[in-house]
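Here's the letter readout for the chains.
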Amino acid sequence: MIRAAALLLVLMSACAKESTTAIASVPEERASRPAATDQVMRGERLLVRGQLEEAQRVFEAAIDDDPEDARAWLDLGLAREARGEPAGAMAAYAKATEIDPAFAEAFNNLGVLQRESGDLPAAIESLERATTLDPDFTAARFNLGLAYEDTGRTADAEAEYLATIEQTPGDPVPRINLAMMYLDAGRLDDAAAQLRSCIPSVSSDVLLSIAVGEGLRRAEHPEEAIPVLRNALRVAGEPPPTELLAELALAYYAVEDYDTAEELMAQAVKQNELDPAIHYAYGSILVRQGKVGLARKHLRRAEKLDPDGPYAVRARKRLESLK
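So, how was this worked out
- Within each chain, residues carry numbers counting from 1 in the order of the written sequence.
- Predicted model: local features are reported for residues with pLDDT of at least 70 only, side-chain atom pairs are reported and counted for 80 or more only, and whole-chain, interface and lining totals are derived from all residues.
- To get the side-chain values, all heavy atoms of the structure are used, and hydrogens and water are removed first.
- Put simply, DSSP marks the helices as runs of H or I at least four residues long and the strands as runs of E at least two long, and each gets a number from the N terminus on.
- Relative accessibility decides the category of a residue: with a 1.4 Å probe and only protein chains considered, values under 20% of the type maximum give buried, values over 50% give exposed, and everything between is partly exposed.
- Contacts are assigned to residue pairs with any non-hydrogen atoms lying within 4.5 Å of each other.
- A helix's residues, less one, multiplied by 1.5 Å, set its expected span.
- Pairs of N or O atoms are called polar contacts if they sit within 3.5 Å, as long as, within protein, a hydrogen donor faces a hydrogen acceptor (for residues adjacent in sequence, only side-chain-to-side-chain pairs).
- When charges are counted, neither His nor the chain ends are considered; positive counts come from Lys and Arg and negative counts from Asp and Glu.
- Any Lys or Arg side-chain nitrogen located within 4 Å of an Asp or Glu carboxyl oxygen qualifies as a salt bridge.
- Every definition here rests on a 1 Å grid over the protein atoms only: cavities are sets of points where a 1.4 Å probe fits but cannot get out, pockets are open sets enclosed by protein on both sides within 12 Å along at least five of seven lines, and lining residues have some atom within 4 Å of a point.
- Grid points are joined across faces, edges and corners, and a volume is the space filled by probe spheres set on the points.
- All residues other than Ala, Val, Leu, Ile, Met, Phe, Trp, Tyr, Cys, Pro, Asp, Glu, Lys and Arg, Gly among them, are scored as polar; the first ten of these are nonpolar and the last four charged.
- Note on method: axes are straight lines fitted to C-alpha atoms, helices fitted across the in-contact stretch only, with angles between N-to-C directions ranging 0 to 180 degrees.
- Relative orientations are named as follows: roughly parallel for angles under 35 degrees, roughly antiparallel for angles over 145 degrees, roughly perpendicular for angles from 65 to 115 degrees, and oblique for any other angle.
- Take the far helix as the reference: if the near one is turned anticlockwise from it by less than a right angle, the crossing is left-handed, and if turned clockwise, right-handed.

## Comments concerning the overall build of the chain
Then, in step 1: Within the chain one finds 18 helices and zero strands.
Then, in step 2: Reported as C-alpha extents along the three principal axes, the dimensions of the chain are approximately 75 × 40 × 35 Å.
Then, in step 3: For the chain, the proportion of its 323 residues judged to be buried stands at 49%.
Then, in step 4: A fraction of 56% describes how many contacts in the chain between residues 6 or more apart in sequence connect residues 24 or more apart.

Given below as structure tokens:
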């Protein structure tokens, strides 16, 4: 019942005061793993089967029987979270940590929700507590890396991502996160090395392949991005994701295959006519192809769709250059 974040898997906030008190007052010790009663185990089976409301009732009944059952509180948090009740989930996780201050799993889940809510100091405190209790708790270390990165503590984030990679070398997600952080810092060679290591493990995952392809392109290796993205195109079937078409078009543009780039971006625009980024990219490709009239049409469309955003600014600059 561990919650973990990934390119995309984290949650919400509350009760920072409760969790801070619990963390500050507890001496260092090993992580506990509270046993589940028969009643709680029945609720967990219901939870796994997606019977969320019934599972929640079972956990609430278990807590009525024993208000100090930390495992029941943890599971109640999971049920509430799955039902779209993040504040209630936060309160349940916080109660689990109050009852059992060595419950690393509860601290991790609490920290994930605190991070998503924007309460980064509380999230870091909770996640540091989880990783102190259990240094091999991979999900908590990854989540702590995300929280450190959110606060600009990139050296600390790097250490946590590298620790996660060491513990789970076959998981591409921490490598991709680390690579994106390297890209933002201008460490292109380090980013490319991490992304290359991901290629075998993302071959059947379209979304992760898009991330790897984008990263390799941004790391100035578009020729390596193209086979990753073409494989994703094969795996995706019809119709392919618009994001995949657009990213593949950008990779071809970077290797100066402008005809293929134009063809792919035209298909992306056809699939999603409301994305200003795609219209801007297509307009830029058309400018390179000398199709200025059509380029203006798409650049103006990008400006209209994103009047107060970055693509409007870029489109206006591009249109000015065409006068």
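## Quick word on helix α5 (residues 86-99)
Then, in step 1: Here α5 contains 14 residues, and its C-alpha end-to-end distance of 20 Å stays within 8% of the 20 Å for a straight helix at 1.5 Å per residue.
Then, in step 2: Taken residue by residue, α5 has Ala-89, Met-90, Ala-92, Tyr-93, Ala-94, Ala-96 and Thr-97 as its buried positions.

## A word on helix α12 (residues 206-218)
Then, in step 1: If you check α12, its first and last C-alpha atoms are 18 Å apart, about what 13 residues at 1.5 Å a residue would give, namely 18 Å.
Then, in step 2: Among the residues of α12, Val-206, Leu-208, Ser-209, Ile-210, Ala-211, Val-212, Gly-213, Gly-215 and Leu-216 are the ones counted as buried.
Then, in step 3: On the buried face of α12, the contacting elements are α10 (172-184), α11 (188-198), α13 (222-236) and α14 (242-254).
Then, in step 4: Its side-chain oxygen at 3.2 Å from the backbone nitrogen of Leu-207, Asp-205 defines the N-terminal cap of α12.
Then, in step 5: Glu-220 sits one or two residues past α12 and shows a positive phi near 70 degrees.

## A word on the side chain of Arg-80
Then, in step 1: Checked against the element boundaries, Arg-80 lands in helix α4 (residues 70-82).
Then, in step 2: As a buried residue without a salt bridge, Arg-80 has its nearest oppositely charged side chain in Glu-60, at a separation of 4.5 Å.
Then, in step 3: Not counting residues within four places of it along the chain, the set of residues in contact with Arg-80 comprises Gln-56, Glu-60, Glu-85, Gly-88, Ala-89 and Ala-92.

## Let's talk about unusual backbone geometry
Then, in step 1: Geometrically, the link from Glu-238 to Pro-239 is a cis peptide bond, its omega value of -10 degrees lying close to zero.
Then, in step 2: Within the fold, Pro-239 resides in the loop between α13 and α14.
Then, in step 3: The backbone of Glu-220 sits at a positive phi, close to 70 degrees, despite the residue not being glycine.
Then, in step 4: One can find Glu-220 in the loop between α12 and α13.
Then, in step 5: You can call Glu-220 exposed: its relative accessible area is 59%.
Then, in step 6: Although it is not a glycine, Glu-256 adopts a positive phi angle of roughly 70 degrees.
Then, in step 7: The exposed category is assigned to Glu-256, whose relative accessible area is 58%.

## Regarding the layout of surface pockets
Then, in step 1: By volume, the largest pocket is sized at about 260 Å³.
Then, in step 2: Lining the largest pocket are 13 residues, with Ala-246, Leu-250, Ala-277, Ile-278 and Tyr-311 positioned closest to its centre.
Then, in step 3: Elements supplying a minimum of two residues to the lining of the largest pocket: α14, α16 (276-288) and α18 (310-321).
Then, in step 4: Here the residues of the lining of the largest pocket sort into eight nonpolar, two polar and three charged.

## Overview of the packing of helix α6 (residues 104-117) against helix α7 (residues 120-133)
Then, in step 1: Between α6 and α7, the shortest axis-to-axis distance is 8 Å and the interhelical angle comes to 160 degrees. It follows that α6 is roughly antiparallel to α7 by the angle criterion. Crossing geometry of α6 relative to α7 is assigned as left-handed. Contacts between α6 and α7 pair Ala-104, Phe-107, Asn-108, Leu-110, Gly-111, Val-112, Gln-114 and Arg-115 from the former with Leu-120, Ala-122, Ala-123, Ser-126, Leu-127, Arg-129, Ala-130 and Leu-133 from the latter.
Then, in step 2: For the contact of α6 with α7, the per-class residue count stands at 10 nonpolar, four polar and two charged.

Function-wise, these values are silent; they only describe arrangement.
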